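Listed here are the chains, written in short residue letters.
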Amino acid sequence: MKNAVVAFVVLALGTAGARAEALPTGSAPAALEFEHFPSRLHAFVWRNWELVSLERMAKVLLTSPENVSAIGRSMGLPAHVRPPAAYQQRGYLSIIRRNWHLLPYEQLLTLLDWDAEKLAFALREDDFLWIKLGSLKPTCPVLRYAEPSEVATQRCEEIAATVSRHFGAALATPGKPRFEFLDETPEPGVSQPPRVPAGDAEEPIRFLYSYFGVFGDPLLNPQLDPYPDALLQRLSAMGVNGVWLHVVLRQLSPSSIFPEFGAGHETRLTNLRKMAQRAGRHGVKIYLYMNEPRAMPASFFEGREHLRGVREGDHFALCTSAPPVRRWITDSLRYVFEHIPELGGVFTITASENLTNCYSHRRDATGCPRCAKRSGPDVIAEINGAIAVGVWAGNPQAKVICWDWGWPDGTASGWGGPNWAEPIIAKLPDNVYLMCVSEWGKPINRGGVPGAVGEYSISAVGPGPRAAKHWALARRRGLKTIAKVQVNCTWELSAVPFLPVMNLVAQHCDNLTRAGIDGLMLSWTVGGYPSPNLELVEAFQQQPRPSVEQALARLAEKRYGGQAAPDILTAWSKFSKAFSEYPFDGAYVYRGPTQYGPANLLYAQPTGYRSTMVGFPYDDVAGWRGIYPVEVLAGQFEKIATGWQAGLAAFEAALDKIAEPNERAAARRDLGVAQVIGLHFDSVANQIRFVAARERLQSNTLSPSERQATTAAISAILADEMDNAKRLFALTRQDPRIGFEASNHYYYLPLDLVEKVVNCQYLLNIWLPREQRP
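Please read all numbers here as calculations on a predicted model, not as lab measurements.

Draft legend 1. Quick look at the sheet that holds strand 5 (residues 308-312). Strand order across the open sheet formed by 3 strands is 4-6-5, with antiparallel pairing between neighbours. Both outer strands of the open sheet, strand 4 (296-297) and strand 5, are each paired with one neighbouring strand and no more. Of the pairings in the sheet, the one linking strand 5 to strand 6 (residues 315-318) comprises 3 bridges and is antiparallel in character. Each residue of the ladder has a partner; that of arginine 311, found in strand 6, is phenylalanine 316.

Below, the structure written as structure tokens:
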């Protein structure tokens, strides 16, 4: 889900018949150079060593696999292991990111084994990928193999020595395969048996997204099943009774109105029904994400000008004020829900994400001759109504959940603009649910800087004023209410399966219970892991309702045993207190380096690149900081890191008090996650301090003593970052969940942390001595 300040960019590109030269380039600045490597060739081999076969790399470079292997081994890399097919199928976003500054499009296509049309579709449709990449393609010359020069060979020997000195035999010892979590089964002695719904009583909805769901089109490829039985079993045991799936409506149903729609719908519906039936055996319903109708290219409207709405780039909205468009939506949903009665329902987003109705991205509909004469609330309420009519025509028992995401509410802490939310809620169909982000608009003060929550947050405990107001309006209509929450993690830090800030999660659950909310959406694409946090949420569904203290104590005893529970409770409390200092701001949450932590490189010279939305942080502290002064931003992360260490000490003390093997194994695994989080926070503070010190050093305004102090500070930061990278390397090698998030794949891999050590050693040995000279 994307903040309103992040502009939606429509590519000036249709997907049909695309060629490499037609793929988008944006401003196409010069690609970054990575000076710690002898050449771009060496960077390419290193960064693809864990994800791509030698043969595929050789094909890109027009050389032999033996030459590729020799390049890698010359830098001290371990023997190459051929990656499984899952790495290419489920890790393609990681491959694209790590080669974005190394390869031109035509070679990137060769590396992926894709055609240009497939890449064009991914850039446009795969969860804002083009925006995450910065809405630009760096200019990269064609890369070919060349025999390393004497200088390059010498540098490779230095890199190999650095790798050996810092990692030794550990690098040659096999770690756990990435994506191993796909085969995870319930932890022995920890997870509960599968939940059985009680009679015909209607349970409150509690639904989330797959921890590893591919955001594209998994219904055409059963191998990419986002909800295998093992995952459904684990989620069900933790009280989850719904999961959601991203779909595009025109791919699910044939249409007499738009005959070109519906290609492949038979296969998709067959696979969807099988998925829904399997989920049902675990007491879980599937909900479809409706962000409709999707915009279409200009060519689609030839002869259909009367259906064309507002324009963005070369795409136009399929105008929902035109009756044929609403009829297509209603008929298509009726068709889907008639054919798959096992589906739980849908949830809608009607004023954000993709361009859909003519008011989905704007406060006026200038450019549409129909919607320009109508109000935004009328159009948005009407499309929600058309969706509801279709769903209920197919299955009257299915649920329709209308999400207020993006509806302006006239307040500075909400989406601003005119107050549309109130009239939309007044015009929604009877019997729908109204869903609101619980913590939205919550006032906060971090480091003395006042602000308000404008994105998903765990550090700020909801509900906030916006949700409370909208739920009250819904109740007056007799509508049921759902709280959209994140209980595992958010973009505050998404590179771990869950954040063990249990006190914050428990307090939020208790607040929502007291508010009388009828259901919970427990995650967006981020945060769907079957974790102890979900077990905590389940505790608040029990009768009699526990207090916050009771729920925490019961979970600690159940998961780790009675002897360890007091120390675990202390650890959770300290983690929660530390995390409450998070310098929350939309700019930092999306653009800061928290997702990458110690894997984010440090640069000798300013890159000149702007940070991107959970894609490339670069060294853009000015872009990271949002409302916070640089000193405050660094200070807050130092405060979090210090508080987190206190929590780790309490958790480590608990280990000696756990005798039962399964409980001890769970505790060690959970401790590893907590240690990773602490390393990320410490690294963020280091990165901010490094950039600030580099700017001072290169300002040519320092006295000799100030210059000496600054270089000493940089040296200490680099040493600390090397230590962070080495510790994170060991942790991530033993836990393939680390660094992964469903809509971004792996932010980093183990060798990225080895590269960070090489990067820091280069800065210490080569760059910093140069800078020390007056």
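Draft legend 2. Summary view of the packing of aromatic side chains. Within the structure shown, the criterion is met by 51 aromatic pairs. Ring centres of phenylalanine 179 and phenylalanine 740 lie 5.8 Å apart, and the angle between their planes is 75 degrees; on these two criteria the pair is classed as edge-to-face. Of this pair, phenylalanine 179 sits in the loop between helix 9 (150-167) and strand 1 (205-208) while phenylalanine 740 sits in strand 14 (residues 740-741); the two residues are 561 residues apart in sequence, bridging distant segments of the chain. Each member of the pair phenylalanine 179 and phenylalanine 740 is classed as buried. Aromatic pair phenylalanine 637 and phenylalanine 681: ring centres 6.2 Å apart, planes at 40 degrees, arrangement tilted. With a gap of 44 residues between them, phenylalanine 637 in helix 22 (residues 630-655) and phenylalanine 681 in helix 23 (residues 661-697) connect regions that are remote in the sequence. In this structure phenylalanine 681 comes out as buried when scored by relative accessible area, which is 0%. The cationic tip of lysine 137 hangs over the ring face of tyrosine 105; the distance from NZ or CZ to the ring centre is 5.8 Å.

Draft legend 3. Structural detail: the environment of glycine 635. Counting through the fold element by element, glycine 635 comes out in helix 22. With a relative accessible area of 23%, glycine 635 lands in the partly exposed category. Spatially, the C-alpha atoms of glycine 635 and proline 583 are 9.6 Å apart, while their sequence positions differ by 52 residues.

Draft legend 4. Up close: the environment of alanine 20. Here alanine 20 is to be found in the segment before helix 1 (40-48). Relative accessible area serves as the criterion here: at 18%, alanine 20 is assigned to the buried category. Setting aside chain neighbours within four positions, we find alanine 20 in contact with Tyr105, Glu106, Leu109 and Ala116.

Draft legend 5. Inspection of the state of the cysteines at higher detail. If you walk through the whole model with that rule in mind, you get 0 disulfides. Free cysteine: cysteine 358, not disulfide-bonded; nearest cysteine sulfur from cysteine 368 at 3.8 Å. Cysteine cysteine 371 is unpaired, with the sulfur of cysteine 319 as its nearest cysteine sulfur at 3.5 Å.

Draft legend 6. Broad picture of the pairing of strand 8 (residues 399-403). Burial analysis of strand 8 places 5 of its 5 residues in the buried class, which makes it a mostly covered element. Residues Lys399, Ile401 and Trp403 line one face of strand 8 and the alternating positions Val400 and Cys402 line the opposite face, and both faces are buried. Of the crossover connections in this fold, the one passing from strand 7 (residues 345-348) over helix 13 (residues 376-394) to the parallel strand 8 is right-handed. The pairing of strand 8 with strand 9 (residues 433-437) spans 3 bridges and is classified as parallel. Note that in strand 9 the partner of tryptophan 403 across the bridge is methionine 435.

Draft legend 7. Region of interest: the side chain of glutamate 455. On the secondary structure map, glutamate 455 appears in the loop between strand 11 (449-452) and helix 15 (465-477). Its relative accessible area of 0% is what places glutamate 455 among the buried residues. Side-chain polar atoms of glutamate 455 contact the side chain of tyrosine 590, separated by 2.5 Å.

Reading guide: rules and limits
Residues numbered from 1 in each chain as written. Predicted model: local features only at pLDDT ≥ 70, side-chain atom pairs only at ≥ 80, totals over all residues. Heavy atoms only, no water. Pairing = 2+ DSSP bridges. Helix = DSSP H or I, 4+ residues; strand = E, 2+ residues; numbered from the N terminus. Phe/Tyr/Trp six-rings, centres within 6.5 Å; stacked < 30°, edge-to-face > 60°. Buried < 20%, exposed > 50% of the residue type's maximum accessible area, 1.4 Å probe, protein only. Lys NZ or Arg CZ within 6 Å of the ring centre and 35° of its normal. Contact = heavy atoms within 4.5 Å. Disulfide = S-S within 2.5 Å. Right-handed = clockwise from strand over helix to strand, strands pointing away. Polar contact = N/O pair within 3.5 Å; in protein donor to acceptor, adjacent residues only side chain to side chain.

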